[in-house]
Amino acid sequence: MSHLNLAPTPPMGWNSWDCYGAAVTEQEIRGNAEYMAERLKPFGWEYVVVDIQWYEPGASSSLYRKFVPLEMDGHSRLMPAANRFPSAAGGKGFRPLADYVHGLGLKFGIHIMRGIPRQAVHAASPILGSEATARDIAHPNSICPWNTDMYGVDPRHEGSQAYYDSLFELYAEWGVDFVKVDDIAASRLYGAHLEEIALIRRAIDRCGRPIVLSLSPGPAAVEQAEQLKAGANLWRITDDFWDRWELLLDMFDRCERWQGLGADGAWPDCDMLPLGHIGIRSVDGGGADRLTRFTRDEQVTMMTLWCLFRSPLFFGGELRDNDAWTNSLLTNRDVLRLHRSSSGARLVKREGGSIVWAADGDGGSLYAALFNVGERAAAVEATLAELGGAGAFTAKELWSGRSAELADGRLSAELPPHGAALYRLDPA
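Looking up the chain in an unreviewed UniProt entry gives the name Alpha-galactosidase, with the organism given as Paenibacillus pasadenensis. Among the UniProt annotations of the chain, the heading Sequence similarities (unreviewed entry) holds the following wording: "Belongs to the glycosyl hydrolase 27 family." Per UniProt, the chain carries the Catalytic activity (unreviewed entry) text "Hydrolysis of terminal, non-reducing alpha-D-galactose residues in alpha-D-galactosides, including galactose oligosaccharides, galactomannans and galactolipids."

Okay, here's the thing in structure tokens:
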């Protein structure tokens, strides 16, 4: 079975990083999973992902404690910290929590760093299925510049494949459905770690369980698109994305560079949606406990671009604190239909603060997204010909649900600063 069959549409879910940093607890994971199952699962939201350092007993924010002892088994594999994940006690790992998430009709994911724990290397800990030790396979010069937990591995050493095989055998035993691997799609020191991606790809293929593979952080290199597609289901095209307008504006350039380079089952990833209540224990992104700093117009712009571009959608806020407005962004069936089933997303034109994107729908329909990224209200328009249509069409603005006029074969909207409108055009 090709790994591309594991994510036929862009994955949708919740990730703990934006609100809890490295310090999320089992209770918080269960609570957000329960909310997703009750409120969001009918709309296609399904993954619940525990982000970084679930193996660090003393994690308290998004600031990493350097060189501290981590929870690890006898085969150089990190284990959940039982003080934060009580059901993991006694060597059970994430199996009980995954079972609980599965019992809600959802899927369970975890974050890992590439490589092997430094404490395993320093102790020359054994590797399951190999005579090599952690010290034998470590590449001690291949380090992450922002986290001290791991060394990279030497992909030329046979024990490196055995190590990754043992990791994913463990994750399969736990019932993991999604793994986000960090410091791998692009590194501030080394670029993409393509050989470690290949080791991980083989390990997943051998583990006997379908596991979706996500690569972080970016920006991944456009020139490596084919290699990324061959190894992963999604890969970041940006560094961590936060609730700042300049980062959202920059994403238009990134999507333009990546248009047409994904494939069904392999998705360029614009990163998480920093919406709702974030920063609870995460001080990353330049802010503490807060509601998103994006205005409502900016939130609509972000959701419109992510959905038309068909980026994976991972909500970053504490779901249980969502208000009706935030949930309206996550449960618009017309917009989610675009995200799930459109194709051919493309930049139509960009003139000053006016940006137009289009995509193809089913039955000869078209989608059009009009953006005003300027600082003043402005009219943004596009002709049917520019969008790729000919003949008579009816139009509906998907966020408001209102019908729209096509005057003389032209679609136009008066948009506020940083605002957007999203249309479905159907043959009349």
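All right, on to the sheet that holds strand 8 (residues 212-215) then. The parallel open sheet is built from eight strands, whose spatial order is 10-9-8-7-3-2-1-13. Looking at which strands have only one partner, the edges of the open sheet turn out to be strand 10 (267-269) and strand 13 (313-315). Put simply, the sheet's adjacent strands are angled 25° from each other on average, direction ignored. Inspection of the sheet shows strand 2 (residues 47-50) paired to strand 3 (residues 107-113) by four bridges, in the parallel sense. Residue pairing across strands places V49 opposite G109, the latter belonging to strand 3.

Across the sheet, which stays open at both edges, the three strands sit in the order 4-6-5 with antiparallel pairing between neighbours. Two strands lie at the open edges of the sheet, namely strand 4 (116-117) and strand 5 (138-143), each paired on one side alone. Direction of pairing for strand 4 relative to strand 6 (residues 150-153): antiparallel, over a ladder of two bridges. Pairing of P117 across the sheet is with M150, part of strand 6.

Let us look at the domain arrangement of the chain. Considered domain by domain, the chain is made up of domain 1 (3-341) and domain 2 (345-427). Placing the centre of domain 1 and that of domain 2 at their C-alpha centroids yields a distance of 33 Å. Residue-level contacts link 23 residues of domain 1 with 24 residues of domain 2. A combined buried area of about 2200 Å² lies between domain 1 and domain 2, and 65% of that area is made up of carbon and sulfur atoms. Considering only the side of domain 1, the residues that lose the most area to domain 2 are F252, T304 and L308, jointly responsible for 25% of the buried surface there. One can count three salt bridges joining domain 1 with domain 2. For D334, the salt bridge goes to K396, with nearest N and O atoms at 2.8 Å. If you look at where domain 1 meets domain 2, you find nine residue pairs in polar contact (both at pLDDT 80 or more).

So, on to helix 10 (residues 296-309). Compared with an ideal rise of 1.5 Å per residue, which puts 14 residues at 20 Å, helix 10 spans 20 Å between its outermost C-alpha atoms and is within 8% of the ideal. Burial analysis of helix 10 places 12 of its 14 residues in the buried class, the great majority of the element. Residues E298, Q299, V300, T301, M302, M303, T304, L305, W306, C307, L308 and F309 constitute the buried set of helix 10. Where helix 10 terminates, the next one or two residues include R310, which has phi positive at roughly 65°.

This part covers the packing of helix 6 (residues 158-174) against helix 7 (residues 194-206). At a closest axis distance of 8 Å, the pairing of helix 6 and helix 7 adopts a crossing angle of 45°. Taken together, the axes of helix 6 and helix 7 are oblique relative to one another. As for the relative orientation of helix 6 and helix 7, their crossing is right-handed in sense. Contact residues: S160, Q161, Y164, D165 and F168 in helix 6; E196, L199, I200, R202, A203, I204 and R206 in helix 7.

Each value, and the rule that gives it
- Residues numbered from 1 in each chain as written.
- Predicted model: local features only at pLDDT ≥ 70, side-chain atom pairs only at ≥ 80, totals over all residues.
- Heavy atoms only, no water.
- UniProt positions renumbered as here; feature names shortened; annotations may be inferred.
- Pairing = 2+ DSSP bridges.
- Helix = DSSP H or I, 4+ residues; strand = E, 2+ residues; numbered from the N terminus.
- Axes fitted to C-alpha atoms, helices over the stretch in contact; angles between N-to-C directions.
- Domains from an automatic or database assignment.
- Contact = heavy atoms within 4.5 Å.
- Buried area = accessible area lost by both parts, 1.4 Å probe.
- Salt bridge = Lys/Arg side-chain N within 4 Å of Asp/Glu carboxyl O.
- Polar contact = N/O pair within 3.5 Å; in protein donor to acceptor, adjacent residues only side chain to side chain.
- Expected span 1.5 Å × (residues − 1).
- Buried < 20%, exposed > 50% of the residue type's maximum accessible area, 1.4 Å probe, protein only.
- Parallel < 35°, antiparallel > 145°, perpendicular 65-115°, else oblique.
- Left-handed = near helix turned anticlockwise from the far one by under 90°.

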